[in-house]
Amino acid sequence: ELRPRRLQELLANQSMPPHWTAPVFDNHHKLVAFRGHTTHAIDDSMRPELARALARRPVGLVELLDHGPQPMYSAYARTLGHDWAVAIGFPRHAAREILGPDPATTLAWIAVMLAISLGAAWRIGDSIARSVRALTEPAAALGRGEALVIPPLAIREAATVAHALGKVEGELQQYRAGLESLVAQRTSELQRSSAMLATVYATAPVGLAFVDHGLRIVMINDYLAAVNALPASAHVGRTLPELLGER
């Protein structure tokens, strides 16, 4: 979107004689930006005579009525696609001095060129906005750990950001792969340790038991279970006094 502030900057770069004006109106005929002196404010409506002229022709020249002691004309043009309008207001006495024998045609072409430049700026702004919006979902997918799918981007800066996202995805994939490998390694080590402990408990020629902080049996080998004359499963979760009675 081409914002009013950016429009003001574009208009400020236009070279214009004194007492000339260059207002820009949106598709609702509301003033969104201007250059030069004007009694109107942002969001004011377009002058009726200019609105009527625009309704008849997209490009032309119209005399501004009730404009004070100095008669004024306005050359106007409507942008393609968005129906915004650019007008150039100028004093009637200055027309032939500055613009030659056919001021209407000259000013109409000036307005057309200004409208084209503003339309091009609008399209560039719209292209930038589309490219930024196109990066929103890939960035969110990256945060969710999903595969990164980036559509073709027309703006170089947006493509640079997309390339950076791709590098981040590659680094995250390497980190995940390393983390999964580490988890698998630790799991394998834990399984081996558990198997070794089970083997020791099963084959030791002495009674062995593992108790928790409440002295409840967590693991007991068959040798000690036989000494207590109870199955190994009957010991789990109970203390020795509970199993054998107080002595």
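Per chain, residues are indexed from 1 in the order of the written sequence. The predicted origin of the model limits local features to residues at a pLDDT of at least 70 and limits the giving and counting of side-chain atom pairs to 80 or more, whereas totals for whole chains, interfaces and linings rest on all residues. Side-chain metrics in this entry use all non-hydrogen atoms of the structure; hydrogen atoms and water are not considered.

A. Fine view of the overall build of the chain. Secondary structure follows DSSP: runs of H or I at least 4 residues long count as helices, runs of E at least 2 residues long count as strands, and numbering of each begins at the N terminus. Along the backbone of the chain there are 8 helices and 7 strands. In this scheme, a residue with accessible area under 20% of its type's maximum is buried, one over 50% is exposed, and one in between is partly exposed, where area comes from a 1.4 Å probe on protein chains only. Here the chain holds 247 residues, and 31% of them are scored as buried. Taking the contacts inside the chain whose residues are at least 6 apart along the sequence as the reference set, 32% of them involve residues at least 24 apart. Only carbon and sulfur atoms are counted for the fraction: they give 60% of the accessible area of the chain, which is about 16,000 Å². Here a residue-residue contact requires only that any non-hydrogen atoms of the pair lie within 4.5 Å. Note on areas: these come from Shrake-Rupley sampling with a 1.4 Å probe, and a residue is covered only by the protein chains present in the view.

B. Seen up close, helix H5 (residues 156-203). In a helix, the anticipated span is given by 1.5 Å times the number of residues less one. Its 48 residues give H5 an end-to-end C-alpha distance of 70 Å, which sits within 8% of 70 Å, the value for a rise of 1.5 Å per residue. Buried residues of H5: Ala-158, Ala-162, Leu-165, Glu-169 and Tyr-201, and no others.

C. Representation of the environment of Tyr-223. Looking at the secondary structure, you find Tyr-223 in helix H6 (residues 222-227). In this structure, the C-alpha to C-alpha distance between Tyr-223 and Ala-202, residues 21 residues apart in sequence, is 8.1 Å. Once residues lying within four places of it in the same chain are set aside, the contact partners of Tyr-223 are Ala-204, Pro-205, Val-206 and Gly-207.

D. Structural context of the packing of aromatic side chains. Note on aromatic contacts: the rings of Phe and Tyr and the six-membered ring of Trp form a pair at centre separations within 6.5 Å, being stacked when their planes are under 30 degrees apart, edge-to-face when over 60 apart, and tilted otherwise. Throughout the structure, instances matching the rule amount to 2 aromatic pairs. Taking 5.6 Å as the distance between ring centres and 40° as the angle between the ring planes, the aromatic pair formed by Trp-20 and Phe-90 counts as tilted. Linking Trp-20 in the loop between helix H1 (4-12) and strand S1 (24-25) with Phe-90 in strand S5 (residues 85-91), this pair joins segments that are 70 residues apart in sequence. Phe-90 gets classed as buried once you look at its relative accessible area, which sits at 1%. Each ring, one from Tyr-73 and one from Phe-90, has its centre 5.9 Å from the other, and the planes form 25°; the classification is stacked. Of this pair, Tyr-73 sits in strand S4 (residues 72-78) while Phe-90 sits in strand S5, placing them 17 residues apart in sequence. Ring-pair connections join several aromatic residues into one group, and the members of that group are Trp-20, Tyr-73 and Phe-90.

E. Geometry of a nonpolar patch on the surface. On the surface, Tyr-175, Leu-179, Leu-182 and Val-183 cluster together into a nonpolar patch covering about 390 Å² of accessible area. With respect to the helices and strands, Leu-179 occurs in helix H5. Patch construction takes residues with relative accessible area above 30% that form no salt bridge. Like charges are linked within 9 Å, and nonpolar side chains (Val, Leu, Ile, Met, Phe, Trp, Tyr) are linked within 5 Å. By definition, a salt bridge exists where a carboxyl oxygen of Asp or Glu is found within 4 Å of a side-chain nitrogen of Lys or Arg.

F. Here's a closer look at the pairing of strand S7 (residues 217-220). We call two strands paired when DSSP finds no fewer than two bridges between them. Here 3 bridges tie strand S6 (residues 209-211) to S7, and the two strands are oriented antiparallel to one another. Bridging across to S7, Val-211 finds its partner in Ile-217.

G. Region of interest: the nonpolar core. Counting 13 residues, the largest nonpolar core has Phe-25, Met-46, Leu-50, Leu-54, Val-62, Tyr-76 and Ala-85 as the members making the most contacts within it. Mapped onto this core, the elements with two or more residues apiece are helix H2 (48-56), strand S3 (59-64), S4 and S5. Among the elements that make up this core, the one with the highest residue count is H2 (4 residues). Setting aside anything within four residues of it in sequence, one finds Val-62 in contact with Glu-49, Leu-50, Ala-53, Tyr-73, Ser-74 and Tyr-76. We call a set of buried Ala, Val, Leu, Ile, Met, Phe, Trp, Tyr and Cys residues a nonpolar core when their side-chain atoms join them within 4.5 Å. Within the second largest apolar cluster, 7 residues are counted, among which are Leu-148, Leu-153, Ala-162 and Leu-165.

H. Molecular detail of the sheet that holds S4. Read from one edge to the other, the open sheet built from 5 strands follows the order S2-S1-S5-S4-S3, with strand pairing classed as antiparallel. Strands at the two margins of the open sheet, each flanked by one partner only, are strand S2 (31-33) and S3. Relative to S2, S1 runs antiparallel, the two being bridged by 2 bridges. Bridge assignment links Val-24 to a residue of S2, and that residue is Ala-33.

I. Spotlight on the pattern of salt bridges. For the structure on display, the rule yields 3 salt bridges. Linking Arg-186 and Glu-189 is a salt bridge whose minimum nitrogen-to-oxygen distance equals 3.8 Å. Here the residue Arg-186 and the residue Glu-189 both occupy positions in helix H5, the gap between them amounting to 3 residues, near one helical turn. The class for Arg-186 is partly exposed, based on a relative accessible area of 45%. Among the ionic pairs, Asp-212 bridges to Arg-216, the shortest N-O distance being 3.5 Å. Taking the relative accessible area as the measure of exposure, Asp-212 reaches 25% and is therefore partly exposed.

J. Representation of the environment of Ile-220. By the element assignment, Ile-220 lies in strand S7. Given a relative accessible area of 10%, Ile-220 falls into the buried group. The spatial distance from the C-alpha of Ile-220 to the C-alpha of Ala-209 is 4.2 Å, given a sequence separation of 11 residues. For Ile-220, the residues in contact, after removing those within four places along its chain, are Tyr-201, Leu-208, Ala-209, Ala-225, Asn-228, Ala-232 and His-235.

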